[in-house]
Amino acid sequence: MGNFLVWVIWLLAAGACVATGLRVITAANPFSSALSLIGNLASLAVLFLLASGEFVAAAQILVYAGAVMVMFLFVIAYLGGRADAPWAGGTRLIQTASVIAAASLLAVVFVALMLNAGDRLSDEASVTGAFGSPAEVGRVFLTDHLLAFEITSIVLLIAAVGGVVLGMRSAAEEDDAP
């Protein structure tokens, strides 16, 4: 019975993850899209819990669904109806470049997975008792992946500052309009 319940929860969380992910990319309203992303992050946290990743699930909720998405919602609310203005009337060149960039990124991820995976995906990995613990995650973040960790924080800071600058510029343009 316990295994059946785990599968039911997994199917519900996976379905919610796919549904909210689709809603993120299909929603016309950026505020609705951001709220759907919070639902997506919450359903991912449930999947992490089912995979015995309690710390990652907690970090998913606290960091991403909490802090980062609150910042995004603040920027979207600050911009108001002007949130889509930078992309309005995009040229064909921008659309084509976006598709090429997305395809290139997908190709890089695919090649990296194929080169790194090899035959290793068929064997079970040996996992120590410290794997996934807060101490181990903190050690890995602050030693092996410190540069990526800091670059991520800088990118988020740039995104917040960019949102405020766009909001100030749009507000100034509205004041100048007759």
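Because the structure is a prediction, the values reported are computed rather than measured.

Counted by the stated rule, this structure contains one aromatic pair. For the pair tryptophan 7 and tryptophan 10, a centre-to-centre distance of 5.8 Å together with 70 degrees between the ring planes defines the contact as edge-to-face. Placement of both tryptophan 7 and tryptophan 10 in helix 1 (residues 2–26) is noted, with a separation of three residues, approximately one turn of the helix. When its relative accessible area of 37% is taken as the criterion, tryptophan 10 is described as partly exposed.

A few words on a nonpolar patch on the surface. Taken together, the side chains of Leu5, Val6, Trp7, Ile9, Trp10, Leu11, Val46 and Leu50 present a nonpolar region at the surface, about 700 Å² in accessible area. Those elements that provide at least two residues to the nonpolar patch are helix 1 and helix 2 (30–50). Given a relative accessible area of 36%, isoleucine 9 falls into the partly exposed group.

Position of asparagine 40 among the secondary structure elements: in helix 2. Looking at asparagine 40, its side chain comes within polar contact range of the main-chain oxygen of cysteine 17, at 2.7 Å. What asparagine 40 contacts, discounting residues up to four positions off in sequence, is Cys17, Thr20 and Gly21.

Our focus in this paragraph is the nonpolar core. Among the nonpolar cores identified, the biggest contains six residues, and these are Ala34, Leu41, Ala65, Met69, Leu73 and Ile76. Residue contributions to this core peak at four residues, all from helix 3 (residues 54–79). Not counting residues within four places of it along the chain, the set of residues in contact with alanine 65 comprises Ile38, Leu41 and Gln60.

Confidence along the chain averages 77 in pLDDT terms, with 78% of residues attaining 70 or more. When mean pLDDT is compared element by element in the chain, helix 1 scores highest at 88, while helix 6 (residues 146–176) scores lowest at 74.

About the criteria used
- Residues numbered from 1 in each chain as written.
- Predicted model: local features only at pLDDT ≥ 70, side-chain atom pairs only at ≥ 80, totals over all residues.
- Heavy atoms only, no water.
- Phe/Tyr/Trp six-rings, centres within 6.5 Å; stacked < 30°, edge-to-face > 60°.
- Helix = DSSP H or I, 4+ residues; strand = E, 2+ residues; numbered from the N terminus.
- Buried < 20%, exposed > 50% of the residue type's maximum accessible area, 1.4 Å probe, protein only.
- Patch = residues over 30% accessible without salt bridge, like charges linked within 9 Å, V, L, I, M, F, W, Y side chains within 5 Å.
- Areas by Shrake-Rupley, 256 points an atom, 1.4 Å probe, with all protein chains shown as cover.
- Salt bridge = Lys/Arg side-chain N within 4 Å of Asp/Glu carboxyl O.
- Polar contact = N/O pair within 3.5 Å; in protein donor to acceptor, adjacent residues only side chain to side chain.
- Contact = heavy atoms within 4.5 Å.
- Core = buried A, V, L, I, M, F, W, Y, C linked by side-chain atoms within 4.5 Å.
- pLDDT = per-residue confidence, 0-100.

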